[in-house]
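The chain contents come next:
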Amino acid sequence: MGNVVTQIACGRQHTLAFTPSSGKIFSFGLGGNGQLGTNSTSNRKSPYPLKHPYVAFKSPYTDIGCVKGIYAGGDQSFAHYCTANSIDDVTTQDPHRKLCTLNEEIIQKWLSHSPGRLPVEISNEIDLVFSSASCLNGSFLSTSHPDHYCTSSKCSGVDMNIARVLFHRVVQPDHPEIAQQIAASLEKNLIPQLNNSPPDIEALRLYLTLPECPLFSDHNNFVTIAIPFAKSLLSLTEAPRKVLGMWWSRFEPLVFQRLVELYKEVVVYLLKINKVGIPSTEQRVFTSYLDTSLRLLEILHKVSDRAGHIIQYDKFYIHELDDLIDIRRDYVTWIQRQMYPPGDGMVTLCRYPFVFDAQAKTTLLQTDAVIQMQMAVDQAQLQNLSSMFMPAVESVNPCLILIVRRENIVGDTMEVLRKSKNVDYKKPLKVIFVGEEAVDAGGVRKEFFLLIMKELLDPRYGMFRYYEESRLIWFSNKTFEEHDLFNLIGVICGLAIYNFTIVELSFPVALYKKLLKKKPTLDDLKELMPDVGRSLQHLLDYTEDDLEEVFCLNFTITEDNYGVTEVLELVPNGEDISVNKSNRQDFADAYVDYVFNTSVAPLFKCFYAGFHKVCGGKVLELFQPNELQAMVIGNTNYDWVELEKSVEYKGEYWADHPTIKLFWEVFHYLPLEKKKLFLLFLTGSDRIPILGMKSLQIVIQPTSGGEHYLPVAHTCFNLLDLPKYTSAETLREKLLQAIEYNQGFFLA
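Residues numbered from 1 in each chain as written. Predicted model: local features only at pLDDT ≥ 70, side-chain atom pairs only at ≥ 80, totals over all residues. Heavy atoms only, no water.

1. Section: the overall build of the protein
Okay, so step 1: Looking only at helices and strands, the protein features 27 helices and 17 strands.
Okay, so step 2: Taking all 748 residues of the protein together, 48% fall into the buried category.
Okay, so step 3: Residue pairs at least 24 apart in sequence account for 66% of intrachain contacts in the protein once pairs closer than 6 positions are excluded.
Okay, so step 4: For the protein, the exposed area adds up to about 38100 Å²; of that, 52% sits on carbon and sulfur atoms. (Helix = DSSP H or I, 4+ residues; strand = E, 2+ residues; numbered from the N terminus. Buried < 20%, exposed > 50% of the residue type's maximum accessible area, 1.4 Å probe, protein only. Contact = heavy atoms within 4.5 Å. Areas by Shrake-Rupley, 256 points an atom, 1.4 Å probe, with all protein chains shown as cover.)

2. Focus on unusual backbone geometry
Excluding glycine, residues mostly carry a negative phi; peptide bonds, for their part, are mostly trans.
Okay, so step 1: For Phe140, which is not glycine, the phi dihedral falls at a positive 60 degrees.
Okay, so step 2: Assignment of secondary structure puts Phe140 in the loop between helix H3 (133-137) and helix H4 (160-170).
Okay, so step 3: The class of Phe140 is buried, set by a relative accessible area of 4%.
Okay, so step 4: For Asn573, which is not glycine, the phi dihedral falls at a positive 60 degrees.
Okay, so step 5: Its place among the elements puts Asn573 in the loop between strand S13 (564-569) and helix H21 (584-596).

3. Examining the sheet that holds strand S2 (residues 14-19)
Okay, so step 1: Strand order across the open sheet formed by four strands is S1-S2-S3-S4, with antiparallel pairing between neighbours. The sheet is open, and its two edges are formed by strand S1 (7-10) and strand S4 (44-49), each paired on a single side. Across the sheet, the mean angle separating the axes of adjacent strands is 15 degrees when strand polarity is ignored.
Okay, so step 2: Direction of pairing for S2 relative to strand S3 (residues 24-29): antiparallel, over a ladder of six bridges. Bridging from a neighbouring strand, Ala17 pairs with Phe26 of S3. (Pairing = 2+ DSSP bridges. Axes fitted to C-alpha atoms, helices over the stretch in contact; angles between N-to-C directions.)

4. Brief notes about helix H23 (residues 625-633)
Okay, so step 1: Across the nine residues of H23, eight count as buried, placing the element largely inside the fold.
Okay, so step 2: All buried positions along H23 are accounted for by Pro625, Glu627, Leu628, Gln629, Ala630, Met631, Val632 and Ile633.
Okay, so step 3: Two residues or fewer after H23 comes Gly634, characterised by a positive phi angle close to 70 degrees.

5. Looking at the side chain of Glu559
Okay, so step 1: Residue position: Glu559 is located in strand S12 (residues 556-561).
Okay, so step 2: At 3.4 Å, the side chain of Glu559 forms a polar contact with the side chain of Lys478. (Polar contact = N/O pair within 3.5 Å; in protein donor to acceptor, adjacent residues only side chain to side chain.)

6. A few points about the pattern of salt bridges
Okay, so step 1: Applying the stated rule across the entire model yields 23 salt bridges.
Okay, so step 2: In this structure, the salt-bridge partner of Lys109 is Glu121, at a minimum N-O distance of 3.3 Å. Of this pair, Lys109 sits in helix H1 (residues 104-111) while Glu121 sits in helix H2 (residues 120-131), and the two are twelve residues apart along the sequence.
Okay, so step 3: Take Glu121: its relative accessible area is 54%, and that puts it in the exposed class.
Okay, so step 4: Here Glu673 ties to Lys676 by a salt bridge, and the two come within 3.7 Å at their closest N and O atoms. Placement of both Glu673 and Lys676 in helix H26 (residues 672-683) is noted, with a separation of three residues, approximately one turn of the helix.
Okay, so step 5: By sharing partners, the salt bridges in this structure join Lys109, Glu121 and Glu125 into a single network. (Salt bridge = Lys/Arg side-chain N within 4 Å of Asp/Glu carboxyl O.)

7. Concerning the packing of helix H7 (residues 222-234) against helix H9 (residues 253-276)
Okay, so step 1: Between H7 and H9, the least distance of the axes is 11 Å, while the angle of their chain directions is 125 degrees. Overall, the two elements H7 and H9 adopt an arrangement that is oblique. Crossing hand, H7 versus H9: left-handed. Contact residues: Phe222, Val223, Ala226, Ile227, Phe229 and Ala230 in H7; Leu262, Tyr263, Glu265, Val266, Tyr269 and Leu270 in H9.
Okay, so step 2: Considering only residue class, the contact of H7 with H9 consists of eleven nonpolar, no polar and one charged. (Parallel < 35°, antiparallel > 145°, perpendicular 65-115°, else oblique. Left-handed = near helix turned anticlockwise from the far one by under 90°. Nonpolar A, V, L, I, M, F, W, Y, C, P; charged D, E, K, R; others polar.)

8. Thoughts on the packing of aromatic side chains
Okay, so step 1: Per the counting criterion, the structure on display carries 33 aromatic pairs.
Okay, so step 2: An angle of 80 degrees between the planes, with centres 5.1 Å apart, marks the rings of Trp474 and Phe475 as edge-to-face.
Okay, so step 3: On the numbers, 6.1 Å between centres and 85 degrees between planes, the contact of Phe475 with Phe604 is edge-to-face. Here Phe475 is found in strand S11 (residues 472-475), whereas its partner Phe604 is found in helix H22 (residues 601-615), with 129 residues between them in sequence.
Okay, so step 4: Pairwise contacts between aromatic rings join Phe464, Trp474, Phe475, Phe486, Phe507, Phe596, Phe604, Phe607 and Tyr608 into one cluster. (Phe/Tyr/Trp six-rings, centres within 6.5 Å; stacked < 30°, edge-to-face > 60°.)

9. Here we look at the packing of helix H16 (residues 484-498) against H22
Okay, so step 1: In contact at an axis separation of 7 Å, H16 and H22 are set at 30 degrees when each is read in the N-to-C sense. Comparing the axis directions of H16 and H22 gives the class roughly parallel. Crossing of H16 against H22: the hand is right-handed. Of the residues in H22, those in contact with Phe486, Asn487, Ile489, Gly490, Val491, Cys493, Gly494, Leu495, Ile497 and Tyr498 of H16 are Leu603, Cys606, Phe607, Ala609, Gly610, Phe611, Lys613, Val614 and Cys615.
Okay, so step 2: Across the contact of H16 with H22, the residue classes tally to 14 nonpolar, four polar and one charged.

Structure (structure tokens):
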């Protein structure tokens, strides 16, 4: 309330507080026996001034003296008055009645004793501070602006840097006896007594500061301190948890990261114990511990996400998961439990997808694809078996076969897919190019995706608009093409993911957000249309009062429609609504919504439907938009040294073979575009899978032909047949000749 309190007294269920600035005594709590001094027997939740003739003046000094002390006991209240001349000034705080807090002075006192058994006085003092929520909530108070007097749902009033420094100062290896006493007090007294509905917002401060204590990061204290603390935090009612979320959202990234890392370490610790083996009698307790830690991480992940990523989403990855759990089994269990909810409360990590890194999520996607493909194949085989005895039942192919001509790849593909049922999309994909002899073991499929996407995205179709500055494309709402083509592109993208093939698709991240039902933002507009995005940001950041005169905007957007300029309203009657300081955010939001949603709604609906025919399902819920993008188009994080290290050699070849040394010498001197052409030649794509260069698993083997032969690529297996060249000049000439002629499949 902004008043300094110098005296306080507590009765059985009521409280008195004295404020020297007004000379008043305030009371609150139960008032059934008139103990609140308000001339009524009503209860009061908030402090209210006593109605008493002796405290009627706005001064601590009354006509009979001054307030020396206030007291309360049971259902009674007392005020002790003295003449002003008979006592010292009591309008200032009594240092002997202040809350005991953790500060530099008291820590120095504790550390100054000689090593060994703690003196009883110090032991009691440590126990007092670390057993009392009030003592810790009153510690580490901020003195800079905004200070602790401004505590609110937006300001915790604590200085996290001071908290970290003091906690590390008091918990030191040289004084294990102090650390042991602190740990005992936290474990036995403080944490068990934490209330799930704290009486005031200030009582939440310890939930911010305590994890900075080094004891929380000690593996020996995970079960006794870190996990019980997390359990207390999760048991808080909605209102205090919401406040904590707002306080966390204002953390410095480094502080927030430390909290996330702490509970990631707890999860890894628990999973390591589980891998060694846990008795069945303790399995329920283990499950509770793991669930508690993951739920707290989930809350922190949501806080970070809502705050615009305090830390990047990959900071939540637990890279050790692949070694600690059977990810495939976890995914199958997760799917089963969604269909048939169990009662045993077993934890599945797939409930917390934010902890999975790219490798783990790729494993999950592969697991889902294998399950779906196997189900589709089994269904086809069952139908074929039935057709042998029941002529009315038509036999079907267990694979999705695309027989296409290079010169009519779009038309032939549409013809096949139009006749296919949804279940056919789940089957393994095989591609046959008419007139070519190759058997599709993966390489033909790679080139199919490359060629058809290049054809569909060709500007002559007018289906997509190309943005020069960003070199990205987006749906064109001026296209004359049938919407079925957008459905086809969605199907192709889904098939590419489903069959683990990278495709060239220059869409912004906004596309993948929309596929995952997430809302595009101004940042997405900046990626697609940097000039427009910068202009909107400038509008939002403009501080002067002449915004309307400077920008002269209304709620409309202008578009070029084949040489004719169109003015379209972003909201009803948008032409009549000027953009000003109060509505500029609404204008920016409407602009983003028009570009990514309203203007392309029917086109994206077809694309979305096509994509989800193949790739729909729970597995997509595990991905972030950027991760899904990397699954579709790969990335360009080229690491040519890593590529060389990961290559496997067969036959006579090995890393130090003269021809191999010549090959890498020539390769590393090639310009970037030629290196990308080599990847395209060998793997069917010039982009890198989500797991990086090492996941390409390239193999180089010798051939029996002479130096006049060209290198030969088996794209199905990422296998390179490399003749035994003896000179760098010949090798370079033959390699460039091979990679610049990389279309078509023929059997030798």
